[in-house]
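Reading the structure
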Amino acid sequence: MDLSGSDALPRRPLGSTDLLVTPLCIGCASLGSMPETFGYVVPEAQALVTLRMAFRSPINFLDTAASYGDGESERRLGLVLKEFRGVPSGYVLSTKADRNLRTGDFCGDQVRRSVERSLRLLGLDRLQLVFLHDPEHTTFEEAMAPGGPVAVLQRFKEEGVIEHLGVAGGPIDLMIRYVETGAFEAVITHNRLTLLNRTAEPLVDFATPRGVAVLNAAPYGGGILARGPDAFARYAYQNAPPDLLARARGAAEVCRRYDVPLAAAALQFSVRDARIASTIVGVSSPERIAETLALARFPIPEPMWAELDQFATWEGDPERPRQPGSSPG
Ligand SMILES: NC(=O)c1ccc[n+]([C@@H]2O[C@H](COP(=O)([O-])OP(=O)(O)OC[C@H]3O[C@@H](n4cnc5c(N)ncnc54)[C@H](OP(=O)(O)O)[C@@H]3O)[C@@H](O)[C@H]2O)c1
């Protein structure tokens, strides 16, 4: 999608739901302050000013999770929502139901407690969109069992507490399995549809014809494609292996030649893909909002895209080898 035309952002249906979202979504993981994942602390005042800026921007979509800062992202969002007297009209707020981060418990009761805590921290009595978050931390069978996490989320939906359900996580085969159940209206993939990694392609091809909205999170691979491979040599929350670093440097060199910021190419790679309902970008300071909009509108010569394709891989899990607890999820 070309966003260069006007200050307003277009809104389109989120899959087959009645929600209308902009092609950009503000990801609130780092706003919960997760120094073990992102490498820096985000003070509360900085998070609040960033969130206020997000709500006043042309972007109408924010994404958080119960696990981000173990409730801190939702608590901070709740403070700003109180100032705005709830989710501003026309905005979409998604959160995610999580396992217990201390014990790993991912049973149905835990997911009920997670949703109840989200409602409390956000100060809301209804949630527009809730994702089953990182179900790779349990088995498919346990997640789908009677009384299990998915059944609990469906119950909340029947009661009107949750309007729409999604699934968010890493392993592509597993995400496809969840989409196949028909229980979810949206799916989040992360770090797997970027300039450097295209392993989410089969998921996108599977979900979109079924009317399941695909949201693409972490278009910068967690930072390397925004800050550059020499400033930030990590991808998907772990140290980047040498082959990935070499590919990132190659992509950066092509961008330099075309005089295009690497971050603009990384962001528009996702935003221009008509199959992607919205691209979830992580930001932790207010100036990032205007920067993100400018990057999404930066003019990019068409031939650059084909040149960038050579630096992508279509195989391999970017989170392997995984460092326990390191992913924001
Ligand atoms: N399992 C899941 O569902 C899942 C997994 C991963 C992510 N997500 C969602 O996707 C969101 C985004 O993921 P992410 O934050 O991990 O990765 P990301 O969006 O690929 O990258 C975020 C990083 O890029 C930096 N950045 C952003 N804009 C920049 C700019 N204009 N110039 C320079 N640096 C810039 C940020 O820096 P600053 O912090 O300095 O702004 C941050 O370090 C999360 O917040 C979350 O909502 C979901």
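Bear in mind that the values here come from a model prediction, so they are computed numbers and not experimental data.

Reading guide: rules and limits
Residues numbered from 1 in each chain as written. Predicted model: local features only at pLDDT ≥ 70, side-chain atom pairs only at ≥ 80, totals over all residues. Heavy atoms only, no water. Helix = DSSP H or I, 4+ residues; strand = E, 2+ residues; numbered from the N terminus. Polar contact = N/O pair within 3.5 Å; in protein donor to acceptor, adjacent residues only side chain to side chain. Contact = heavy atoms within 4.5 Å. Near = heavy atom within 4 Å. Areas by Shrake-Rupley, 256 points an atom, 1.4 Å probe, with all protein chains shown as cover. Buried < 20%, exposed > 50% of the residue type's maximum accessible area, 1.4 Å probe, protein only. Pairing = 2+ DSSP bridges. Right-handed = clockwise from strand over helix to strand, strands pointing away. Phe/Tyr/Trp six-rings, centres within 6.5 Å; stacked < 30°, edge-to-face > 60°. Lys NZ or Arg CZ within 6 Å of the ring centre and 35° of its normal.

What about the side chain of N197?
Topologically, N197 is positioned in the loop between β8 (186–190) and α8 (201–207). A polar contact is formed between the side chain of N197 and the side chain of T199, at a distance of 2.5 Å. The contacts of N197, once residues within four sequence positions are left out, are N191, R192, Y235, T313, G316 and P318.

Things to note about the site of the ligand
The environment of the ligand is formed by 32 residues, the closest being Y40, D63, Y237, S284 and R288. Backbone polar atom of A29 to an oxygen atom of the ligand: 3.1 Å apart, as the coordinates give it. Here an oxygen atom of the ligand sits 3.5 Å away from a polar atom, N or O, in the main chain of A218. Across the complex, the protein chains shield 96% of the 910 Å² of accessible surface that the ligand would expose by itself.

Structural notes on the pairing of strand β12 (residues 276–282)
With respect to burial, β12 is a largely interior element, six of its seven residues being buried. Bridge analysis of strand β3 (residues 24–27) against β12 gives four bridges, and the strand direction is parallel. What sits directly across from L24, in β12, is T279. Here four bridges tie strand β9 (residues 213–217) to β12, and the two strands are oriented parallel to one another. In the sheet register, N216 faces β12, and the bridge partner there is T279.

Digging into the pairing of strand β6 (residues 127–133)
Counting buried positions over the seven residues of β6 gives seven, a clear majority of the element. Bridge count between strand β5 (residues 92–97) and β6: four bridges; the pairing is parallel. Note that in β6 the partner of S94 across the bridge is L129. Each parallel crossover has a hand, and for β5 linked through helix α4 (residues 108–122) to β6 it is right-handed.

Focus on the packing of aromatic side chains
What the rule picks out here adds up to six aromatic pairs. Their ring planes at 45° and their centres at 5.3 Å tell us that F55 and F84 sit as a pair that is tilted. Separated by 29 residues along the polypeptide, F55 in helix α2 (residues 44–56) and F84 in the loop between α3 (72–83) and β5 bring together distant segments of the chain. In this structure F55 comes out as buried when scored by relative accessible area, which is 5%. Members of the aromatic cluster, connected to one another through ring pairs, are F38, Y40 and Y237. Over the face of the ring belonging to F140 we find R177, whose NZ or CZ atom lies 4.0 Å from the ring centre. Over the ring of F206 we find R210; its NZ or CZ atom is 3.6 Å from the centre of that ring.

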